[in-house]
Amino acid sequence: MKLKHLDLTHFRNYDKVSLDFHDEVNVLIGSNAQGKTNLLEAIYCLALAKSHRATQDKELIQWQADFALIEGDLEYRYGTMPLSLQISAKGKKAKANHLEQSKLTQYVGHMNVVLFAPEDLSLVKGSPQVRRRFIDIEIGQISAVYLNDLSNYQRILKQKNHYLKQLKSAGGDRTMLEVLNQQFAEYAAKLTLRRQQFIAQLEAKANEIHRGITKNKENLKIHYDASLKLTEHMAEETYSQLTAVMDREIDRMTSLYGPHRDDLSFSINDIDVQTYGSQGQQRTTALSMKLAEIELINEEVGEYPILLLDDVLSELDDSRQTHLLSTIQHKVQTFVTTTSVDGIEHETIQEAKLFFVDQGSITNEE
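Since the structure is predicted, the reported quantities are computational estimates derived from the model, not experimental observations.

1. Points about unusual backbone geometry
Leave glycine aside and you will find that most residues have negative phi; peptide bonds, for their part, are mostly trans.
Stage number 1. A positive phi angle, near 55°, is found at His10, a position not held by glycine.
Stage number 2. Its location among the elements puts His10 in strand 1 (residues 2–11).
Stage number 3. Residue classification places His10 among the buried residues on the basis of a relative accessible area of 19%.
Stage number 4. Despite not being glycine, Arg12 has its phi angle at roughly 50°, a positive value.

Here it is, written out as structure tokens:
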């Protein structure tokens, strides 16, 4: 898939912008704090209906404006589709092919993106929350069912934690908690099993890529560390497990088990990367996972996703930089932000369309 055209209105530091993009590589060049990342953020929002960095939606709306509007024309192998996302104090309004989507979960998935930013290089060393978010975003792009299950799980988790606090402070009937645990167990089982399946697929592709980067010297393994037992009758056994720890959860006033507690672990040649891996190994692991995402999405939806590289080339050494650019060459539409292309000799960048960003104004060079 390709993003052919993008219009921004009152988004971040852009008042009005209209851009046509190259099918392969588009490079956004400019000093820091000029709006390069804001443009990538707009593309990300158009795909996922949320920002990867804003804590509140109002941050996306230009100062003193009432709304922000992102509009894009997406080209698939077999047709085109206009997408739009309007953000205001009243919420978000998303349209696909000019039709308003009643739920954002129905909108997400029309456009697939993979974001690779400097903070993703710490995916291995970062917090479990970062890795869980990574899993949810990637599966959510290729599975509307997963997004719906995740939404239901998060709603029930919130209700359950609220009720646990009530029971701790005021006591009362546990019947409601038992009902919530039954619902919780159903969705927890669905999410856990889908995540496990996804990680197994991701590991196979990431290891192949990792071996290519390391010239067959290193084998990468990715393990999904589930807090619940993975069994054939998982929902029923999860409910039993939650019943057994009910007193502990009331005492702690929080849900102690479930997908919200899960994590990923990584090993290279059977050695724990998070604890004993070098920075280079940790970065190669993160890069392998991101490149594996691209291939996995293509396999699932039949189209390569759009790749967003936010100031990440300068963070990679020459060999990893070359491997990344060679992998995407001529098959993945890519948007790159950088302060300069000096020193990047790869032909992928040399053939790219250049955009110059200065204080919310963008000019391009064919």
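So, next bit.
2. Description of the environment of Leu313
Stage number 1. The topology assignment puts Leu313 in the loop between strand 12 (306–310) and helix 10 (318–328).
Stage number 2. Residue Leu313 is classed as buried on the basis of its relative accessible area, which comes to 3%.
Stage number 3. Each C-alpha atom of the pair Leu313 and Gly171 lies 56 Å from the other, and the pair is 142 residues apart in sequence.
Stage number 4. Those residues in contact with Leu313, other than ones at most four positions away along the chain, are Gln321, Leu324, Leu325, Val336, Ile344 and Ile349.

3. Examining the nonpolar core
Stage number 1. Counting 68 residues, the largest nonpolar core has Ile135, Leu202, Ile222, Leu264 and Leu324 as the members making the most contacts within it.
Stage number 2. Counting the residues that make up this core, at least three belong to each of domain 1 (1–112 + 303–365) and domain 2 (125–301).
Stage number 3. Residue contacts for Leu202: discarding those within four places in its chain leaves Phe134, Ile222, Met289, Ala292, Glu293 and Leu296.
Stage number 4. If you look at the next biggest cluster of nonpolar residues, it comprises 45 residues, including Ile43, Ala94, Ala96 and Val108.

4. Points about the UniProt feature "domain: RecF/RecN/SMC N-terminal" (unreviewed entry) in the protein chain
Stage number 1. Within this numbering scheme, the UniProt entry marks residues 3–345 as carrying the feature "domain: RecF/RecN/SMC N-terminal" (unreviewed entry).
Stage number 2. The straight-line gap between the two end C-alpha atoms of residues 3–345 is 25 Å; of that span, 45% is helix and 22% is strand.

5. Description of the pairing of strand 1
Working note: regular strand, side chains alternate between the two faces of the sheet.
Stage number 1. For strand 1, the buried fraction is high: 8 of the 10 residues fall into the buried class.
Stage number 2. Sheet analysis places strand 1 next to strand 2 (residues 14–20), joined by 6 bridges and oriented antiparallel. Its bridge partner lying in strand 2, Leu6 is registered against Leu19.
Stage number 3. Between strand 1 and strand 2, which pair antiparallel and follow one another directly, the connecting turn spans 2 residues, one of which, Arg12, has a positive phi of 50°.

How each quantity is defined
Residues numbered from 1 in each chain as written. Predicted model: local features only at pLDDT ≥ 70, side-chain atom pairs only at ≥ 80, totals over all residues. Heavy atoms only, no water. Helix = DSSP H or I, 4+ residues; strand = E, 2+ residues; numbered from the N terminus. Buried < 20%, exposed > 50% of the residue type's maximum accessible area, 1.4 Å probe, protein only. Contact = heavy atoms within 4.5 Å. Core = buried A, V, L, I, M, F, W, Y, C linked by side-chain atoms within 4.5 Å. Domains from an automatic or database assignment. UniProt positions renumbered as here; feature names shortened; annotations may be inferred. Pairing = 2+ DSSP bridges.

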